[in-house]
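A closer look at the structure
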Amino acid sequence: MTFSLLHATDFADRLLYKIVPPLKAGMIVLADRYAYTAFARDATRGVDRQWVRELYSFAVRPDLALYFRVPIDVSVDRLLARRMKLKFYEAGMDLGWSTNPVESFRMFQGKVLDEYDQLVDEFGLEVVDAKGSITEQQRYVRTLVAQHVRMSRMETVDDEPV
Amino acid sequence: MTSPSDPAGGLNGNGLAGRYYGRGIPYLPIDGYPGKLIAIEGTDGVGRSTQIQLLREWLEVKGYGVIETGWTRSPLMQPTIELAKSSNTLNKLTFVLLYATDFADRLEKEIIPALKAGFVVLSDRYIFTALARAGVRGVDRQWLRNVYGFAIAPHLVFYLNVDVKTLIGRVLESRGMDFWESGMDLKLGDEIYDSFRAYQVKLLREYQSMADEFNFRVVDARRPIDRIQDELRRQVAAFLEPAERPSEPALIR
């Protein structure tokens, strides 16, 4: 519960200082993770699903939410290749499911991925296949973003006379 | 000012007592725990801690195991809350969530284990203080109740009721008015006296509005300390004694 509430506090702080002001100014805000991360992670830790949703009801609903879906094996391989060591909470070691970090990571993140799959329909997340190359993913993401943002209009902003 | 004395039912007309208010904590089932949770509520400076200290001594002499828990006293959150209060970056939402985190920590680490072990838990303030403070600051009331749905409904809630005039006298005689207790963040008045008065009037109204919803036992806190303590003891005894007999007969002489 404290894990969940501390993250919500941090989120509320960033929402009010970093997200809402630029939105009011008409800017585009890119959020690396959003409330959906909390929905998936907290539910996996045994917190009531509906309670977490109600807790985050103060959040602004994104115009576009992208979910980069990747199988657990790919995720483990990428993380281990890059930094060799998995983080304690990221591997769900606090839950005591396994003393082996890699094993614990697989079990914990496997459940987190199941939770994400449920969120896709519930919140209309756009799924991006994250197994593909960076270029492929980026091209797809650009087509999705283009549906929400009129690029022509964006470019004229800079040309406004001061 | 009423003092409902209803020694008959163990739940005192509060069907939720000892259970979660709302969705609760799924990984911590608490049904059937033998301990009792008693909350002493009331605004700043009303005399809660004095009453709790006296109540604790009396209960311990009678043979009960007693623990106290108090608002923002969690080891996890106390330093963070103090830091945030002093940094002027808190807004009403982060304020609420920091308090809720502190409460969740104490609930999991102090209150629930004590209830499991059969202690009487005396809570110096409970979620109603959080609901009142946030309510005054305009936070959505239904959202607040949902967030605090993981809280356990106390077996008894005593609300120490006082009028603002008496309160001002007491606070000035003891430690004086402080920034947060005066609601200076709300800009209700330039001067601390005006702000304290306006803020506490709003707070008292907010507490009053929760009395029925949460089964407050309203205690007239304008009286002398001993008189208030007598009333608390009478009501606590009426609640604890019949409930205690079957489980711990050794305590009854």
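Here, every reference points to the structure presented above.
We now turn to the structure provided with this report. (Residues numbered from 1 in each chain as written. Chains lettered and ligands numbered in written order. Predicted model: local features only at pLDDT ≥ 70, side-chain atom pairs only at ≥ 80, totals over all residues.)

Before going further, it helps to examine the overall build of chain A. Helix and strand counts for chain A come out as 7 helices and 2 strands. The linear arrangement of helices and strands in chain A, starting from the amino end, is α-α-α-β-α-α-β-α-α. Expressed as lengths along the three principal axes of its C-alpha atoms, the size of chain A is roughly 60 × 35 × 30 Å. Taken across its 162 residues, chain A has 21% of its residues classed as buried. Long-range pairs, those at least 24 residues apart, make up 66% of the contacts in chain A with a sequence separation of at least 6. (Helix = DSSP H or I, 4+ residues; strand = E, 2+ residues; numbered from the N terminus. Buried ≥ 20, exposed ≤ 12 C-beta atoms within 10 Å, placed from the backbone. Contact = placed C-beta atoms within 7 Å.)

For chain B, the count of helices and strands is 8 helices and 5 strands. Each helix and strand of chain B, placed in order from N terminus to C terminus, yields the pattern β-α-β-α-α-β-α-α-β-α-α-β-α. Here chain B holds 253 residues, and the buried ones make up 40% of them. Taking the intrachain contacts of chain B between residues at least 6 apart in sequence as the baseline, contacts between residues at least 24 apart amount to 81%.

The next thing to look at is the interface of chain A and chain B. Taken residue by residue, the interface counts 17 residues in chain A and 21 residues in chain B. Elements represented by at least two residues in the side of chain A that touches chain B include exactly helix H1 (2–24) and helix H3 (49–55) of chain A. In terms of residues, the side of chain A that touches chain B owes the most to one element, H1(A), which gives 8 residues.

Another point: the nonpolar core. All names here are of chain B. The biggest cluster of nonpolar side chains holds 89 residues, and the ones touching the most others in it are Ala100 and Val121. The element best represented in this core is helix H3 (residues 92–116), accounting for 13 residues. When neighbours within four sequence positions are excluded, Val121 is seen to be in contact with Gly35, Leu37, Ile38, Ile67, Thr69, Ile111, Ala114 and Leu115. (Core = buried A, V, L, I, M, F, W, Y, C linked by C-beta atoms within 7 Å.)

This part covers H1(A). Between its first and last C-alpha atoms H1(A) spans 31 Å; for 23 residues at 1.5 Å apiece the expected length is 33 Å, and the two agree. Most pronounced at A:Leu15, the bend in H1(A) amounts to some 45°. When H1(A) is considered as a whole, its buried residues turn out to be A:Ser4, A:Leu5, A:His7, A:Ala8, A:Thr9, A:Phe11, A:Ala12 and A:Leu15. Residues of H1(A) that are buried in the fold lie against helix H2 (35–44) and H3 of chain A together with H3 of chain B. Two residues or fewer after H1(A) comes A:Gly26, characterised by a positive phi angle close to 80°. (Expected span 1.5 Å × (residues − 1). Bend = angle between axes of the 7 residues up to and from the residue.)

Right, let's talk about the sheet that holds strand S2 (residues 66–70) of chain B for a bit. Residue and element names in this part refer to chain B. Strands sit in the order S2-S3-S1-S4-S5 across an open sheet of 5 strands; the sheet is parallel. Of all the strands in the sheet, just S2 and strand S5 (216–220) have a single pairing partner and so form its edges. On average, each strand axis in the sheet is tilted by 20° relative to the strand beside it, whichever way the strands run. Seen against the sheet, H3 touches strand S1 (36–41), S2 and strand S3 (120–124) and runs at an angle of roughly 160° to S2. (Pairing = 2+ DSSP bridges. Axes fitted to C-alpha atoms, helices over the stretch in contact; angles between N-to-C directions.)

Let's shift gears to the packing of H2(A) against helix H5 (residues 101–123) of chain A. All names here are of chain A. In the contact formed by H2 and H5, the axes pass within 8 Å of each other and the chain directions differ by 135°. Put simply, H2 runs oblique to H5. Judged by the sense of rotation from one axis to the other, the crossing of H2 with H5 is right-handed. In contact with Tyr36, Phe39, Ala40, Arg41, Ala43 and Thr44 of H2, H5 contributes Phe108, Lys111, Val112, Glu115, Tyr116, Leu119 and Phe123. Residues belonging to the contact of H2 with H5 are distributed by class as follows: 9 nonpolar, 1 polar and 3 charged. (Parallel < 35°, antiparallel > 145°, perpendicular 65-115°, else oblique. Left-handed = near helix turned anticlockwise from the far one by under 90°. Nonpolar A, V, L, I, M, F, W, Y, C, P; charged D, E, K, R; others polar.)

Let us now look at the environment of B:Gly183. As for its position among the elements, B:Gly183 is in the loop between helix H6 (164–173) and helix H7 (192–210). Ignoring anything within four residues of it in the chain, the contact list for B:Gly183 reads B:Leu188, B:Ser195 and B:Tyr199.

Here we take up the packing of H3(B) against helix H4 (residues 127–136) of chain B. Residues and elements named next belong to chain B. Taken N-terminus to C-terminus, the directions of H3 and H4 make an angle of 180°; their axes are 11 Å apart at the nearest point. Classified by the angle their axes make, H3 and H4 are roughly antiparallel. Along the contact surface, H3 presents Lys92, Val96, Tyr99, Ala100 and Phe103, while H4 presents Ile127, Ala130 and Ala134. Of the residues that constitute the contact of H3 with H4, the class distribution is 7 nonpolar, no polar and 1 charged.

Now for helix H1 (residues 48–61) of chain B. All names here are of chain B. If you check H1, its first and last C-alpha atoms are 20 Å apart, about what 14 residues at 1.5 Å a residue would give, namely 20 Å. Along H1, the residues classified as buried are Arg48, Gln51, Ile52, Leu55 and Leu59. One side of H1 holds all its buried residues, which, seen down the axis, span an arc of 95°. Structural note: H1 exposes Thr50, Glu57, Glu60 and Val61 on the side pointing more than 90 degrees away from its buried face. In the stretch just after H1, Gly63 is the one whose phi turns positive, near 100°. (Arc of directions from axis to C-beta.)

Any functional reading would require information that these geometric values do not contain.
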